[in-house]
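A closer look at the structure
Read off the chains here:
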Amino acid sequence: MAATEITATKNPSDLHDVLGRVEKVFLNRAINQLPSALTGSFDFKLPILDDSVTFNMGEADVTRVKLIDQTNWTSYAKKGDPDISFQIPSFSDEIASLLGNKKGASSTNTTLGVKFQGYSATPKKVECSLLFVSDDEKVVVYLPNVEIFATPVLGDGENPSYFNCVITPIPDSTGADYYIGIKTTTEAGA
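The notes below deal with the structure included here. None of these values were measured; they are calculated from a predicted model.

Moving on, we come to a nonpolar patch on the surface. The grouping of V65, L67, W73 and Y76 at the surface amounts to a nonpolar patch, some 420 Å² of accessible area in total. Its relative accessible area of 32% is what places V65 among the partly exposed residues.

Next up on the list: the pattern of salt bridges. Evaluated as defined, the whole model comprises six salt bridges. In this structure, R21 and D50 form a salt bridge, with 2.1 Å as the shortest nitrogen-oxygen distance. Taken as a pair, R21 in the segment before β1 (22-28) and D50 in the loop between β2 (44-45) and β3 (54-56) lie far apart in primary sequence, 29 residues in all. Taking the relative accessible area as the measure of exposure, R21 reaches 42% and is therefore partly exposed. You can call D50 exposed: its relative accessible area is 52%. Here K24 ties to E137 by a salt bridge, and the two come within 2.1 Å at their closest N and O atoms. Placement of the pair is K24 in strand β1 and E137 in the loop between β9 (125-134) and β10 (139-153), with a sequence separation of 113 residues. Residue class for K24 comes out partly exposed when judged on its relative accessible area of 23%. Residue E137 is classed as partly exposed on the basis of its relative accessible area of 36%. Through salt bridges with shared partners, a single ionic network connects R21, E23, D50 and D51.

Moving on to the pairing of β1. Both β1 and β9 contribute to a ladder of six bridges, which runs antiparallel. For N28, the partnering residue across the bridge sits in β9 and is S129. Pairing of β1 with β2, which is carried by two bridges, proceeds in the antiparallel orientation. Each residue of the ladder has a partner; that of F26, found in β2, is K45.

Here the focus is the environment of S90. Positionally, S90 belongs in the loop between β6 (83-88) and α1 (93-99). Excluding anything up to four places from it in sequence, S90 contacts P47, I95, S161 and F163. Here the side chain of S90 touches S92 through a polar contact of 3.2 Å, landing on its backbone nitrogen.

Now for the nonpolar core. Core analysis: the biggest nonpolar cluster contains 23 residues, and L46, F86, L99, L130, I148 and C165 have the highest contact counts within it. Elements that contribute at least two residues to this core include exactly β1, β6, α1, β9, β10 and β11 (162-169). In terms of residues, this core owes the most to one element, β10, which gives five residues. When residues no more than four places from it in sequence are discounted, the contact partners of I148 are L27, L99, K124, K125, V126, C128, L130, C165, V166 and I167. Ranked by size, the runner-up nonpolar core spans seven residues in total, among them F26, F42, L131 and V133.

Glancing now at the layout of surface pockets. In this structure, the largest pocket occupies an estimated 370 Å³ of space. Of all the elements in the fold, those that place two or more residues in the lining of the largest pocket are α1, β7 (101-109), β8 (114-120) and β10. In terms of residue count, the dominant contributor to the lining of the largest pocket is β8 (five residues). Looking at the lining of the largest pocket residue by residue, the classes come out as 10 nonpolar, eight polar and four charged.

What counts as what
Counting starts from 1 at the beginning of each chain's written sequence and moves along it residue by residue. Local features are withheld for residues below a pLDDT of 70 in this predicted model, meaning they are given only at 70 or higher, and side-chain atom pairs are given and counted only at 80 or more; totals for whole chains, interfaces and linings count all residues. Excluding hydrogens and water, the side-chain figures rest on all heavy atoms present in the structure. Patch definition: residues with relative accessible area over 30% and no salt bridge; like charges joined within 9 Å; nonpolar side chains (Val, Leu, Ile, Met, Phe, Trp, Tyr) joined within 5 Å. The accessible surface values rely on the Shrake-Rupley method and a 1.4 Å probe; as for residues, cover is taken only from the protein chains in view. One speaks of a salt bridge when a side-chain nitrogen belonging to Lys or Arg is within 4 Å of a carboxyl oxygen belonging to Asp or Glu. Categorising residues by exposure relies on relative accessible area from a 1.4 Å probe, with only protein chains included: less than 20% of the type maximum marks a residue as buried, more than 50% marks it as exposed, and the intermediate range marks it as partly exposed. Only DSSP runs of H or I with at least four residues qualify as helices, and only runs of E with at least two residues qualify as strands; both kinds are numbered from the N terminus onward. Here the rule is simple: two strands pair whenever DSSP picks up at least two bridges between them. By definition in these notes, contact holds between two residues if any of their heavy atoms fall within 4.5 Å. Polar contact is the term for a pair of N or O atoms within 3.5 Å; when the atoms are in protein, one must be able to donate a hydrogen and the other to accept it, and sequence-neighboring residues count only if both atoms are side-chain atoms. Each nonpolar core is a collection of buried residues, namely Ala, Val, Leu, Ile, Met, Phe, Trp, Tyr and Cys, held together in the definition by side-chain atoms within 4.5 Å. Whether a set of points on the 1 Å grid over the protein atoms alone is a cavity depends on a 1.4 Å probe fitting there but being unable to get out, while an open set qualifies as a pocket with protein on both sides within 12 Å along at least five of seven lines; lining residues are those with an atom within 4 Å of a point. Grid points are joined across faces, edges and corners, and a volume is the space filled by probe spheres set on the points. By the convention adopted, Pro, Cys, Tyr, Trp, Phe, Met, Ile, Leu, Val and Ala count as nonpolar, Lys, Arg, Asp and Glu as charged, and the other residues, Gly among them, as polar.

This is how it looks when you write it as C-alpha cells:
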C-alpha cells in the first residue's frame, strides 16, 4: 500500500500577513468611521514608549459541559476582557488636554516663568479611534471606537514621566470591535 501524501490548500507562505512590531499608533477624535472612509489624516501620531504596547482583545472564557463520566459534551464561550494599553511620555499641553481631566483656568507664575494648568486625578474618558501600524507598514489594525482612560505616572525607573493609557474597544455600527488591514498595492519603484 502506497503512502498518501498529505496536502493543504493554503501553506504557511500564503499566510504571512503579520502585524509584527507596532511602530506607529495614530489617534483620531472621530469615531465609528468605516475603514473605507479613512482619509489617512489623523489628529495625532502618538509618541509611545518602547515595549509599552499591550494588545490582547481578551481571552475567551470557555465553559465546558461534561457528562457524569467526565466526557466533554459541549462547550460555550463568553468574550473575555481586553488588555490593551500603552504609555505616552508627553506632558505637552495637547496631550495633557486630550488625556487629562482639566480643572480651572491656566495661570502663569512669572517668578518661576512657568504656566500651570490644574487637572483632576479622576480619569477622563476619551472616545476616539486608533490605528496601529506594523514596522513594515504592510499590516494595520484599526479600532474604530475606543474608550481611553489615562493616568499620569511621574518617573518610573529609567522611563520619563508618562500617561498610562488603558483602552477598551467598543463595537462600531456594524458590530466590529477591530479591523485588520493588509496592504494590497505596492509603492512605485518597489
